[in-house]
Amino acid sequence: MIKKFIDKLLGKTAGGAQGKSRFGKRQEVPAEVHKIDPALVDERAKNVVTTLQQAGFEAYVVGGAVRDLLLGLRPKDFDVATNATPEQVKSLFRRAFIIGRRFRIVHVVYGRGREHEVIEVSTFRAYMDNTAAEQVSGNERTSKGELASMKHAVDASGRVLRDNVWGPQEEDAARRDFTVNAMYYDPANQVVVDYHNGIKDAQKLTLRMIGDPATRYREDPVRIIRAIRFSAKLAALGFKMEAKTAAPLVESSKLLADVPQSRLFDEMLKLLQTGHAIATVEQLNKLGLSKGIYPLLDVVVERADQPFVKAALQDTDRRVGEGKPVAPSFLLACVLWADVRDGWAQRQEGQRGQRPQAPFPALQDAIDDVFNARIGDVSGRGKLAADMREIWMMQPRFDKRTGSTPYSLVEQARFRAAFDFMRLRADVGEVSEAIAEWWQEFSIADDVRRQDLLEQVREEQKVRQRVRVRDTAAPAKLRNEPAPRQNPPQNRGQDAEPDDEAEVEAGAVPPDGEAAAPRKRRRRRKPRPAGGGGEGGGSAAGE
């Protein structure tokens, strides 16, 4: 009876055939066959493996890094798998941190600041049958107290909430998602350990799920999103998803409704910020998953062909490819800008029975509306929301290039992100290219050059204002009406204002496009006529 229970726990039948199929057959592939170049392996990953092996543990480079090495690529990230527990791993390294609850892993950190590197170390996990796991009635949040003492637990739908039961390497391989990500490389003896023909699938450029795909998606619905992410990432290398792996995706996507929104939000960001955002949108459309995974992702896919959003996605892919940092706030601000812009305009115009609002309050209210409709509380309205708000609120300030505004704006912490946002708007014709170039130069210029740039703007304003005055006088001449009287230059009093001042007072919009509040019309003193005669000094604009 005990043997039957153990066989059931391990998924074995009486003949043991199913167990053999599930765990695969161990193959040790030598260097002359797999042809991995040892020079492509990161020295810090080698150090982690060596340290663990010298302490008497098994240790291998694992996952996507092995796949990339087989394809002759230099991996960006290295993960290590070992039979040491997280506590044992932590004790061997000076800067190591145990993280996670659902899966407990260790981050071994090298370096500091932006140059730091993290090697993720996981312990071999047992392949557990979910029917033998402890079950909770709620989810990750509502059952937190029950889950605290559990090592292997599922919810009512079979989704794994805890998976911290350690096991042998062959079971660890079986519980991984795809065959090309389930290989182990020992940099010391240069042997690849392969249980599920991952090397053959890598050579055939095939993305294949280990085990029954529908069952694996049911165990963890987030595997659906990972399948999309890997297919998008590997599409550029010629990989195609196996038909059997792709078939249950649409039907299984309903299971994502039970996944916490915060986890889906994080997975959505991974889809868009790993350097393959454009390819991800293509895969979502190709696989019939353009809607239904996550509401905000639906918006991204829907707007991916709009010039502004497409430019933002391409820019994100480019930055990732160049090894530059990317911020989710910037990309999401681009995706939702159309909602903010349209709501801003409607509030200023007073549509839908509303009273017209001033520009800045209108923009703030439009942003709040977008957060409520699109973001909700998933981000906690924390740093991500604050950064998005700053990027949007700075946009009208770029129109004002006079006085002290440019100096204060370039000192803002989020200026660079807001400028890059405005630069993309200029690229699609939403903002003047000249304004974008002016700010680019002003942001990096010295004080002397900045003064020259400000003077250049003042001269441009004067020219535009003279043209405006001339254009308003022309229709009056065509109608044989007298043009507005102007003061002779010699008769101006000390309090008289320049001609361009009169134009602004008449209600003209400032030349840089800033929506200024209406100004009171000044009453001007009439200059005394010389010798008791001469014309009056009253200006048509002022009297």
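The following paragraphs examine the structure supplied in this document. Because the structure is a prediction, the values reported are computed rather than measured.

1. Describing the packing of helix α18 (residues 328-349) against helix α22 (residues 415-427)
For the pair α18 and α22, interaxial distance at closest approach is 11 Å and the crossing angle is 40°. Classified by the angle between their axes, α18 and α22 sit oblique to one another. As for how α18 packs across α22, the hand of that crossing is right-handed. Along the contact surface, α18 presents F330, A333, C334 and W337, while α22 presents A417, D420, F421, L424 and R425. Taken together, the residues that form the contact of α18 with α22 break down as 7 nonpolar, no polar and 2 charged.

2. A short note on the packing of helix α19 (residues 359-375) against helix α20 (residues 383-394)
When two helices pack together, their arrangement is given by the angle between the helix axes and by the axis-to-axis distance. It is at 11 Å that the axes of α19 and α20 come closest, and there the two elements cross at 145°. Here α19 runs over α20; the crossing is right-handed. Between α19 and α20, the residues in contact are F360, L363, Q364, I367, D368, V370 and F371 and A385, M388, R389, W392 and M393, respectively. Class assignment of the residues belonging to the contact of α19 with α20 gives a composition of 9 nonpolar, 1 polar and 2 charged.

3. Digging into the pattern of salt bridges
When the charged atoms of two side chains lie near each other, side chains of opposite charge can form a pair. According to the stated counting rule, one finds 35 salt bridges in the structure shown. Taking the shortest distance from any N to any O, the salt bridge between R104 and E87 comes out at 2.7 Å. Placement of the pair is R104 in the loop between β4 (96-99) and β5 (105-110) and E87 in helix α6 (residues 86-91), with a sequence separation of 17 residues. According to the relative accessible area criterion, E87 is partly exposed, its value standing at 42%. Residue R414 pairs with D387 through a salt bridge whose shortest N-O separation is 3.9 Å. Note that R414 is positioned in the loop between α21 (405-410) and α22 and D387 in helix α20, a separation of 27 residues in sequence. Like R414, the residue D387 is buried in the burial classification.

4. Concerning the sheet that holds strand β11 (residues 191-194)
One open sheet accounts for 8 strands, arranged β1-β11-β10-β2-β3-β6-β5-β4; its pairing is mixed. Two strands bound the open sheet, and with one partner strand each, they are β1 (27-29) and β4. Neighbouring strand axes in the sheet, compared pairwise and without regard to direction, differ in orientation by 30° on average. Inspection of the sheet shows strand β2 (residues 59-62) paired to strand β3 (residues 79-82) by 4 bridges, in the antiparallel sense. Its bridge partner being in β3, V62 is matched across the sheet by D79. Its contacts with the sheet place helix α4 (residues 43-54) against β2, β3, β5, β6 (117-123) and β10 (183-186), and it is angled at close to 35° to β6.

5. What about helix α23 (residues 433-444)?
Compared with an ideal rise of 1.5 Å per residue, which puts 12 residues at 16 Å, α23 spans 17 Å between its outermost C-alpha atoms and is within 8% of the ideal. Burial in α23 covers these residues: I435, A436, W438, W439, F442 and S443. One side of α23 carries all its buried residues, which in axial view fall inside an arc of 160°. Between the side-chain oxygen of the N-cap and the backbone nitrogen of A434 there are 3.2 Å, and the N-cap of α23 in question is S432.

6. Quick word on the packing of aromatic side chains
Taken as a whole and judged by the stated rule, the model has 17 aromatic pairs. Ring centres of Y60 and Y184 lie 6.0 Å apart, and the angle between their planes is 75°; this geometry places the pair in the edge-to-face category. Taken as a pair, Y60 in strand β2 and Y184 in strand β10 lie far apart in primary sequence, 124 residues in all. Note on Y407 and F442: the rings are 5.4 Å apart at their centroids and 75° apart in plane angle, and the pair reads as edge-to-face. Here Y407 is found in helix α21, whereas its partner F442 is found in helix α23, with 35 residues between them in sequence. What makes Y407 partly exposed here is its relative accessible area of 25%.

What counts, and at which threshold
Residues numbered from 1 in each chain as written. Predicted model: local features only at pLDDT ≥ 70, side-chain atom pairs only at ≥ 80, totals over all residues. Heavy atoms only, no water. Axes fitted to C-alpha atoms, helices over the stretch in contact; angles between N-to-C directions. Helix = DSSP H or I, 4+ residues; strand = E, 2+ residues; numbered from the N terminus. Parallel < 35°, antiparallel > 145°, perpendicular 65-115°, else oblique. Left-handed = near helix turned anticlockwise from the far one by under 90°. Contact = heavy atoms within 4.5 Å. Nonpolar A, V, L, I, M, F, W, Y, C, P; charged D, E, K, R; others polar. Salt bridge = Lys/Arg side-chain N within 4 Å of Asp/Glu carboxyl O. Buried < 20%, exposed > 50% of the residue type's maximum accessible area, 1.4 Å probe, protein only. Pairing = 2+ DSSP bridges. Expected span 1.5 Å × (residues − 1). Arc of directions from axis to C-beta. Polar contact = N/O pair within 3.5 Å; in protein donor to acceptor, adjacent residues only side chain to side chain. Phe/Tyr/Trp six-rings, centres within 6.5 Å; stacked < 30°, edge-to-face > 60°.

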